[in-house]
Amino acid sequence: MNSDIEIIKGRLIRLFKRRPKTRYWLMLTNDTYDQTYNLFFNSQRANERLQSVPLHKLAHYDLADLENLLKALRQDIKLTIEFVGFTGERWPASQKLIQRKRVPLE
């Protein structure tokens, strides 16, 4: 898990440019067919197209481990995280809903 966090942080540092009028966020997708979680770095400048760059694939398909990874990642990275494919699922530790409504990407 620590190696996953270091890989993600390293790639984020290279991609995050702090440009004005640009929105940055992370998107975490639940790939139920391949049993993996995929993390993308999204950025969009005003009046331009969305850019989505794959950051990392988490092959260990365990929701409790994902929750711990996100807690550790959120301590250093203050970007919004958008969840896709987690409709109706709950975090194991807190029992909070991960994603309330489906997004158009699902």
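Now for a quick tour of the structure. Numbering of residues starts from 1 in every chain and runs along the sequence as written. In keeping with the predicted nature of the model, local features appear solely for residues at pLDDT of at least 70, side-chain atom pairs appear and are counted solely at 80 or more, and the whole-chain, interface and lining totals rest on all residues. No hydrogens and no water enter the side-chain calculation; it runs on all heavy atoms of the structure.

1. A short note on the sheet that holds strand S4 (residues 80-84)
Backbone-to-backbone hydrogen bonds pair the strands of a sheet. The strands run either parallel or antiparallel. What the four strands build is an open sheet, ordered S3-S2-S1-S4; its pairing is mixed. Edge positions in the sheet fall to strand S3 (51-58) and S4, since each has one partner strand and no second. Taking the axes of each pair of neighbouring strands and ignoring which way they run, one obtains an average angle of 25° across the sheet. Only strands joined by at least two bridges in the DSSP assignment are considered to pair. Secondary structure elements follow DSSP: runs of H or I no shorter than four residues count as helices, runs of E no shorter than two count as strands, and numbering proceeds from the N terminus. Here seven bridges tie strand S2 (residues 36-45) to S3, and the two strands are oriented antiparallel to one another. From the neighbouring strand, Leu-39 faces S3, where its bridge partner is His-56. Here helix H1 (residues 2-15) sits on the sheet and contacts strand S1 (22-31), S2 and S3; the angle it forms with S3, its principal contact strand, is near 165°. Contacts are assigned to residue pairs that have any heavy atoms within 4.5 Å of one another. Whenever a helix is involved, its axis is fitted only over the stretch in contact; in every case the axis is a line through C-alpha atoms, and angles between N-to-C directions fall within 0 to 180 degrees. Sheet strands in contact with helix H2 (residues 63-76) are S1, S2, S3 and S4, and its direction is about 160° off that of S4.

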